[in-house]
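Each chain, letter by letter, is given below.
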Amino acid sequence: MITLRKLIFLALICPVISLHACRQPVTQTGGKLRILTTIAPLYSFAKNVAGDEAIVDNLIPSGVGPHEYSLSPGDARKVSETRILIINGVKLEAWLNKLQGPASESPTNDNKKLIIVDTSAGVELIGNDPHIWLSPRNAIMQVKNIRDALVKVDPDNSETYTKNSSEYIQRLGNLDKEIRNEIRTWKQNRIVTYHPAFKYFAGEYGLELAVVIQETPEIEPSPKHIAHVIETIKSKGIRAIFTEPQFSHKIVTSLAGDLNLQVYSLDTLETGLFSKEWYEDSIRSNLQVLKKALN
Ligand SMILES: [Zn+2]
């Protein structure tokens, strides 16, 4: 069990006594800034902005989703060793509250040891839907928030961060255009997904999210809602249904069988690989899947 008290000890007390006897301050390694992200898209964003000037790690291991994540004892150490914690926001990382307590009371903030960057700042939200990263337009805003934080915390490398981020933003802008130009040529624009993750993507690029099977992450759909899903699929003449690569959902298989639908898999990017290119590659893979289904 991670207690706030333990974290206070790790993040506050240790660096103080480290002047004499404790180990070296750990928020920097070899003079490099340490950055911790929560989910794989944020890792790609931070890695592209930081380049070689900072050490970027991701908190949630590959293969684990963020909605119902629970912190492990090792996570407290990872957070205590980082200077910047980059989060998605929109309550995606509600489980972090167990670790740090309310920001205003957090000693790690008061002593300027830990800076938490909420990358959703400035993003136009759809209700309380956290899946902002699935639209590259929003990703650009998240990258800008990361850039601003890095420039502020590590001004010595501000030129590199600014240059790296403008190159990456350019690439994300190209990705945005590519999706737009592609989707507008398609015959169909209606999609049905299992996970309620694609509102931002659909809204941005003119797809119609006809119905979502699981309306709230981690909560199984009710029989009443399933009846509504079936009715919508029939009345709108939908031929394809989208699930995720990491999961197979019984309900999707049975709906597809009953209604003679093709099942495709669309990545929510909630878990993945930790690399610079992974975000762009994954969005492009989704685009190809959608193209196959809708064109
Ligand atoms: Zn989700």
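Our structure's up above, just so we're on the same page.
A brief report on the enclosed structure follows. Everything numeric here is computed off the predicted structure, so don't read it as measured data.

**So, the overall build of the chain**
No. 1: For the chain, the helix and strand inventory stands at 11 helices and 9 strands.
No. 2: Here the chain holds 295 residues, and 49% of them are scored as buried.
No. 3: Within the chain, contacts between residues at least 6 apart in sequence are counted, and of these 66% link residues at least 24 apart.
No. 4: Surface accessibility of the chain: about 14,400 Å² in total, with carbon and sulfur atoms responsible for 52%.

**A few points about the pairing of strand β4 (residues 84-87)**
No. 1: Because side chains alternate across β4, one face comprises the buried residues I84 and I86, and the other comprises L85 and I87, equally buried.
No. 2: Across 3 bridges, the pairing between strand β2 (residues 32-37) and β4 is parallel. When the bridges of β4 are listed, I35 appears paired with I84.
No. 3: Across 4 bridges, the pairing between β4 and strand β5 (residues 115-118) is parallel. In the strand pairing of β5, I87 is matched with D118.

**Notes on the coordination of the zinc ion**
No. 1: For the zinc ion, every protein donor is listed as H67 (NE2), H131 (NE2), H195 (NE2) and E270 (OE), and the spread of their distances is 1.8 to 2.0 Å.
No. 2: Seen from the zinc ion, its 4 donor atoms lie at angles of 103 to 114°, and the figure they make is tetrahedral.
No. 3: Taken in chain order, the donor set of the zinc ion reads H-x63-H-x63-H-x74-E. Residue H67 is located in the loop between β3 (54-58) and α3 (73-80), and its partner E270 is located in the loop between β9 (262-265) and α11 (278-294); the two are separated by 203 residues in the primary sequence.

**Some words on unusual backbone geometry**
No. 1: Although it is not a glycine, N260 sits at a positive phi angle of roughly 55°.
No. 2: Considering the arrangement of structural elements, one finds N260 in the loop between α10 (250-259) and β9.

**Here's the deal with the layout of surface pockets**
No. 1: Of the volumes computed, that of the largest pocket is approximately 390 Å³.
No. 2: Along its surface, the largest pocket is lined by 23 residues, and Q214, E218, E244, F247 and H249 are the ones closest to its centre.
No. 3: Tallied by class, the residues present in the lining of the largest pocket amount to 8 nonpolar, 9 polar and 6 charged.
No. 4: Among the domains, domain 1 (4-176) and domain 2 (181-294) are the pair contributing at least three residues each to the lining of the largest pocket.
No. 5: Here the second largest pocket defines a volume of roughly 320 Å³.
No. 6: Looking at the lining of the second largest pocket residue by residue, the classes come out as 6 nonpolar, 4 polar and 6 charged.

Rules behind the numbers
Residues numbered from 1 in each chain as written. Predicted model: local features only at pLDDT ≥ 70, side-chain atom pairs only at ≥ 80, totals over all residues. Heavy atoms only, no water. Helix = DSSP H or I, 4+ residues; strand = E, 2+ residues; numbered from the N terminus. Buried < 20%, exposed > 50% of the residue type's maximum accessible area, 1.4 Å probe, protein only. Contact = heavy atoms within 4.5 Å. Areas by Shrake-Rupley, 256 points an atom, 1.4 Å probe, with all protein chains shown as cover. Pairing = 2+ DSSP bridges. Donors = N, O, S within 2.8 Å, 3.2 Å for Na, K, Ca; no water. Tetrahedral: all angles 85-135°; square planar, octahedral: opposite > 155°, others 65-115°. 1 Å grid on protein atoms, 1.4 Å probe; cavity = no way out; pocket = protein on both sides within 12 Å on 5 of 7 lines; lining within 4 Å. Points joined across faces, edges and corners; volume = space filled by probe spheres on them. Nonpolar A, V, L, I, M, F, W, Y, C, P; charged D, E, K, R; others polar. Domains from an automatic or database assignment.

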